[in-house]
Amino acid sequence: MSAELKDNVKGLFGEFGGKYVPELIIPALEELEEAYDKYKDDPEFQEEFNYYLKQYVGRANPLYYAERLTKKLGGAKIYLKREDLNHMGAHKINNALGQVLLAKRMGKKRVIAETGAGQHGVATATVAAMFGMECEIFMGAEDVKRQALNVFRMKLLGAKVTSVTDGTQTLSDAVDAALRNWVERIDDTFYLLGSAVGPHPYPTIVRDFQSMIGEEAKEQILEQEGRLPDYLVACVGGGSNAIGLFYPFVEDKDVKMIGVEAAGLGVDTDKHAATMAKGRKGVIHGFKTYVLQDDNGQIMPVHSISAGLDYPGVGPEHSYLKDIGRAEYVSVTDDEAVNAFQVLCESEGIIPALESSHAIAHVLKLAPELDQDQVIIMNLSGRGDKDVYTLADRLGVEL
Amino acid sequence: MSRIATTFARLQDQGQQAFIPFLMTGDPTLELTKELVLEAERNGADIIELGIPFSNPLADGPTIQRAGKRSLAHRTNLKDIFKLVKEIRTESQIPIVLMGYFNSIFNYGLERLINSCEEVGVDGLIIPDLPMGEDEELRALSNEVDIISLVALNSSPKRIKELAENSQGFIYAVATLGTTGERGEVSKEVKAKVEEIKSLTSTPVAVGFGISKPEHVKEVASFADGAIVGSAIIKRLEDNLELLPESEAEFINSVGEIVSTLTSPLN
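Given the structure is predicted, the values throughout are model-derived calculations rather than measurements.

## What to know about the packing of helix α6 (residues 119–130) of chain A against helix α8 (residues 148–156) of chain A
All names here are of chain A.
Moving on, step 1. At a minimum axis distance of 9 Å, the contact between α6 and α8 shows a crossing angle of 10 degrees. Between α6 and α8, the crossing angle belongs to the class labelled roughly parallel. Contacts from Q119, G121, V122 and A125 of α6 reach α8 at N150, R153 and M154.
Moving on, step 2. Across the contact of α6 with α8, the residue classes tally to 3 nonpolar, 3 polar and 1 charged.

Structural data, given as structure tokens:
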């Protein structure tokens, strides 16, 4: 299976994935595919990528044994993969760096990106500044409001931030706007897609540029525990941090993999983003996957307290892993995530992103049910400085 | 021969080109869409393109996005659209092609869709996000319904050749490197692209995206077999929505007028 997923010419993960885009975008995807095929195994490219991952991003980041949290829950040992310690505070920089190096080799002068929570926008603006490229970020107007701090960071980094007022004014609309802009400026522009979604080859590229998360974690857990973990847990919006952690473990059948989606106010309300729980097969943003849609196939508005999980689709490889039963997908509510956020702050002195707090919330349920000799690796995909205003608001604290 | 092929053959015999207006089904209502189709036909339309409204219309600019939103406000769906075409067919045999995004069609079911099209008399399908490489299943299911291929200004010669070989009904040449919407002029590259396509196939070629003025229609007609206009017509419709519900006839007329103005260079 791994070989099948690795050399994936048509970009299919079972029946999911593909390239459902206007003809106009096809040449750009073909150009990208060709460039990626050429460079992915190129030692010079890999050397440069690894150089910046080490010297600029600060990898490898730790796999931290959360001892107090473990004791508090009284079950399995909990390890946190500290993506929050990366430069700029989230896993998004890994992929942004990989793609900007690709863009540079393709001779592109301008990069654009969509962003939800703003983490991918910040990551893109960061690497664009670093390599002297023009940068424009598309962000839903609602998210611009929720994530004022990240908007300002992007501007400080020299990016233009375009607020998207279509639809629900969140991530899904930002993707549409970015794709439209790409179509308009296809000659000089590289679309730096931030999650493991979109038309082929993006889901594969993003997965590959995030796979060091799982590769490092594997090496680190073997070093610290002398064995593989029993569980991997990661939050899933589009699913890039989760696939980055999962992919290197797909062949290790005894390692259970759990993706955690945003249940918002509850999966039985109309305010959630639990695509796996409530979605049907469909096509969104250029690929086939599970999609939150109404009876007529219209994409539904989604909600989560976390802007980064607010997405009505999910990466095609996740849909595949779900269908073949290799990974399990669960969801946690806004309230559970907020509680988990506080628990991690108080038990470990780590302020997690609200996205990652969803994964923590599931760990809070899972760990006590397991034996003390079992091991969970949870991906702490980002830090929560950006979310403190949302939290304060939620807890009725005026800042 | 399909209604689309018959229409192009008749026009070619007369040395004329097709005028293809786009209307968003259900904008502003299904009943008015029927009236607008008949009005467009009276004012010189040769083929009608009817939009299927979708929540995420990737290839559309702001004007057609707004039209889709107005239609979705009363939840227009494919069932409604087929019912409407069935009603139109009692009064008109003008070729009708549906234009919509793949999720709507996938959700309805591919086989069911083709059956519905054949049953009510839909002649063709334009699905901008179902490019060659993803359309095999739909093509295999379809006998009578033309699956219309889109060619872009940046499509490679190899791809154009394959698209031309598989083409049905007509080829839709996309005249802008971008989304639908009004533009100042028709880009120089369009003519060369259409000539390239025509050297490879006898399937008629119609040009759309950005065609918004009579001058554009005239220019396009000098090298292609048809012109497709959407946003400019929707814009007129939108400007006259205030006439509703009191002055329905005047509203319908106003849309007929813009169709008539746009087709004038073809007569």
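And the narrative resumes.
## Some thoughts on the UniProt feature "active site" (unreviewed entry) in chain B
Moving on, step 1. Here, the residues flagged by UniProt with the feature "active site" (unreviewed entry) are E49 and D60 of chain B. Of the annotated set, the members that line the second largest cavity are E49 and D60 of chain B.
Moving on, step 2. Inspection of the secondary structure assignment puts E49 of chain B in strand β2 (residues 48–51).
Moving on, step 3. With residues near it in sequence (within four places) discarded, E49 of chain B still touches I20, P21, F22, L23, V97, M99, I126, Y172 and I228 of chain B.
Moving on, step 4. Within the element layout of this structure, D60 of chain B appears in the loop between β2 and α3 (62–72).
Moving on, step 5. With a relative accessible area of 3%, D60 of chain B lands in the buried category.
Moving on, step 6. Aside from chain neighbours lying at most four places away, what touches D60 of chain B is R180 of chain A together with Q65, M99, Y101, T179 and T180 of chain B.

## Quick notes on the sheet that holds strand β9 (residues 231–235) of chain A
Residues and elements named next belong to chain A.
Moving on, step 1. Here 6 strands make up an open sheet; going across it, the order is β3-β4-β14-β9-β10-β13 and the pairing mixed. Because the sheet does not close on itself, it has two edges, and the strands there are β3 (63–65) and β13 (327–333). For this sheet, the mean angle separating the axes of adjacent strands, direction not counted, is 25 degrees.
Moving on, step 2. Judged from the 3 bridges that link them, β3 and strand β4 (residues 77–82) form a sheet pairing that is antiparallel. The partner of L63 across the bridge, within β4, is K81.
Moving on, step 3. In this fold helix α16 (residues 354–366) packs onto β4, β9, β10 (256–264), β13 and β14 (375–380), with an angle of close to 145 degrees to the strand it touches most, β9.

## Points about empty space enclosed by the protein
Residue and element names in this part refer to chain A.
Moving on, step 1. As enumerated under the stated definition, the model contains 8 cavities of 30 Å³ or more in all.
Moving on, step 2. Along its surface, the largest cavity is lined by 30 residues, and H91, K92, S195, G308 and L309 are the ones closest to its centre.
Moving on, step 3. Taken together, the residues that form the lining of the largest cavity break down as 9 nonpolar, 17 polar and 4 charged.
Moving on, step 4. Summarising the domain contributions, the lining of the largest cavity has at least three residues from each of domain 1 (14–54 + 91–205) and domain 2 (60–89 + 211–395).
Moving on, step 5. Approximately 140 Å³ is the volume attributed to the second largest cavity.
Moving on, step 6. By residue class, the composition of the lining of the second largest cavity is 9 nonpolar, 6 polar and 3 charged.

Calculation notes
Residues numbered from 1 in each chain as written. Chains lettered and ligands numbered in written order. Predicted model: local features only at pLDDT ≥ 70, side-chain atom pairs only at ≥ 80, totals over all residues. Heavy atoms only, no water. Axes fitted to C-alpha atoms, helices over the stretch in contact; angles between N-to-C directions. Helix = DSSP H or I, 4+ residues; strand = E, 2+ residues; numbered from the N terminus. Parallel < 35°, antiparallel > 145°, perpendicular 65-115°, else oblique. Contact = heavy atoms within 4.5 Å. Nonpolar A, V, L, I, M, F, W, Y, C, P; charged D, E, K, R; others polar. UniProt positions renumbered as here; feature names shortened; annotations may be inferred. 1 Å grid on protein atoms, 1.4 Å probe; cavity = no way out; pocket = protein on both sides within 12 Å on 5 of 7 lines; lining within 4 Å. Buried < 20%, exposed > 50% of the residue type's maximum accessible area, 1.4 Å probe, protein only. Pairing = 2+ DSSP bridges. Points joined across faces, edges and corners; volume = space filled by probe spheres on them. Domains from an automatic or database assignment.

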